[in-house]
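Report on the structure
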Amino acid sequence: ELGITTPKGYDVSFHYNPEMERHHFGQTHPMKPWRLTLTKGLVTAYGMHYTMKNYTARAATYDELTSFHTSDYVDFLATVAPQPTPLDLDGTNSDLKFNLGGSDCPLFEGLYNYCSLSGGASLDAARKLCTKQSDIAIAWGGGLHHAKRSEASGFCYVNDIVIAILQLLRVHKRVLYIDIDVHHGDGVEEAFFSTDRVMTVSFHKYDPMNFFPGTGALEDNGPKSEHNPGAHHAINVPLNDGITDEQYKWLFENVISRCVEKFKPEAIVLQCGADSLAGDRLGKFNLLVQGHGSCVEYCKGLGLPMIIVGGGGYTPKNVARAWAYETAIATNNQSNVAATAEIPLHTPYRKNFEYDSVLLPSIEQILGDARQNRNTQKRLQEIIQHVTEQLRFVSA
Ligand code: TV7
Ligand code: CA
Ligand code: ZN
């Protein structure tokens, strides 16, 4: 059996509801809520649940959902019936109301419940920060960054992140949102386009013609019109396939340290979409669990109250590895995890982990061969240069 390290310094809470993973987007749909079961099982197998406060997340209420979304949209979400998969496999059906019912955002049994549970988890996490009952609050069921005020988008129906940030703003003057999902965090960026109290920073693959959602160019830093106080407060880090741990960590720390220095946030929301890992079904980066986790480690080191949410992640075994490892970072259980190279024998669904059942597989174990890295050091330097210039316009 594993020894349990007593966490020092930080109060960590874990917001989870096993009901969430009972929902299904459809057989072939990449989003598998079941990855949350796998994550929770791994967290528990390592004994991390003893070193944090565990809360069963409740469903967000109608009023909480409409703190961001329109009532028209939430009413529709609450009443639409699941339908047989429409004949719209290329997603071009323009008759879709609120972009619901296409192949990306299908209508499925219990959809409203699923959305409310995701929202409730992130909102509970925000409340724990507001009351200072938690220093770090984790909600892996949240992180659905594409949802708009009145529209579903990219597997996201309710923007739990925006709802959680609105809650944080009641108590915190400035909130820094950081998004390491392989997709651009467009919904969160857009929601806070006109305020200087939220800075959004997204790292993502950018290839507007071929990769969803197509926004998030380096030069897009928020509308500069009409003396908008929110101008310069959207930071975008567009990347190409194959980025490595070393480059990503270097870029992340360079960008985030500069943002923190100028913006002086009072709280952080970190979206940890795991589709930026090597071997993801949709993403094509070369990040290992260690590289992805180093972002969590760096943010924790800033010593600010922090919410950690999930997001994308389409190879469930790798999602569970990353989120369990990141839970370990938050709770100071990293040494237990590092010392136990093999996934504990009593882990539920252990056979799903493959690669010799190690927690931290190498790039060779995951891919056979690393993908070609299409990010030059010169380009990364340009990114830092541009971000630095934008931040000249930003002050606390
Ligand atoms: C946060 N990529 C969400 C990321 C959302 C990405 C997309 C799919 C996809 C959907 C499927 C499916 C898929 C293998 C992958 C322009 C389209 C092209 C649907 C086939 N297989 C997050 C959204 C993105 C649905 N959407 O950031 C059912 O890939 O590129 C698109 C749009 C039109 C719709 N078609 C794809 O990670 C949670 N969708 C299989 C079945
Ligand atoms: Ca991102
Ligand atoms: Zn994603």
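This text goes with the structure placed above it.
Everything quoted here is computed from the prediction, not taken from an experiment.

**Looking at the coordination of the zinc ion (ligand 3)**
- Only Asp181 (OD), His183 (ND1) and Asp275 (OD) from the protein coordinate the zinc ion (ligand 3), and they sit 1.9 to 2.0 Å from it.
- Look at where the donors of the zinc ion (ligand 3) fall in the sequence and you get D-x1-H-x91-D.
- Taking the relative accessible area as the measure of exposure, Asp181 reaches 1% and is therefore buried.
- Given a relative accessible area of 7%, His183 falls into the buried group.

**Overview of the side chain of Arg350**
- Within the element layout of this structure, Arg350 appears in the loop between α10 (334-339) and α11 (363-367).
- The class for Arg350 is buried, based on a relative accessible area of 18%.
- A polar side-chain atom of Arg350 sits 3.3 Å from the main-chain carbonyl oxygen of Pro344.
- Aside from chain neighbours lying at most four places away, what touches Arg350 is Glu342, Ile343, Pro344, Leu345 and Ser357.

**A look at the packing of helix α8 (residues 289-301) against helix α9 (residues 316-330)**
- For the pair α8 and α9, the least separation of the axes is 9 Å and the interaxial angle reads 30°. It follows from the interaxial angle that α8 and α9 lie roughly parallel. Judged by the sense of rotation from one axis to the other, the crossing of α8 with α9 is right-handed. Residues Val289, Gln290, His292, Gly293, Val296, Glu297 and Lys300 of α8 form the contact with α9, whose own contacting residues are Arg321, Ala322, Tyr325, Glu326, Ile329 and Ala330.
- Of the residues contributing to the contact of α8 with α9, the split by class is 6 nonpolar, 3 polar and 4 charged.

Scoring rules and cut-offs
- Residues numbered from 1 in each chain as written.
- Chains lettered and ligands numbered in written order.
- Predicted model: local features only at pLDDT ≥ 70, side-chain atom pairs only at ≥ 80, totals over all residues.
- Heavy atoms only, no water.
- Donors = N, O, S within 2.8 Å, 3.2 Å for Na, K, Ca; no water.
- Buried < 20%, exposed > 50% of the residue type's maximum accessible area, 1.4 Å probe, protein only.
- Helix = DSSP H or I, 4+ residues; strand = E, 2+ residues; numbered from the N terminus.
- Polar contact = N/O pair within 3.5 Å; in protein donor to acceptor, adjacent residues only side chain to side chain.
- Contact = heavy atoms within 4.5 Å.
- Axes fitted to C-alpha atoms, helices over the stretch in contact; angles between N-to-C directions.
- Parallel < 35°, antiparallel > 145°, perpendicular 65-115°, else oblique.
- Left-handed = near helix turned anticlockwise from the far one by under 90°.
- Nonpolar A, V, L, I, M, F, W, Y, C, P; charged D, E, K, R; others polar.

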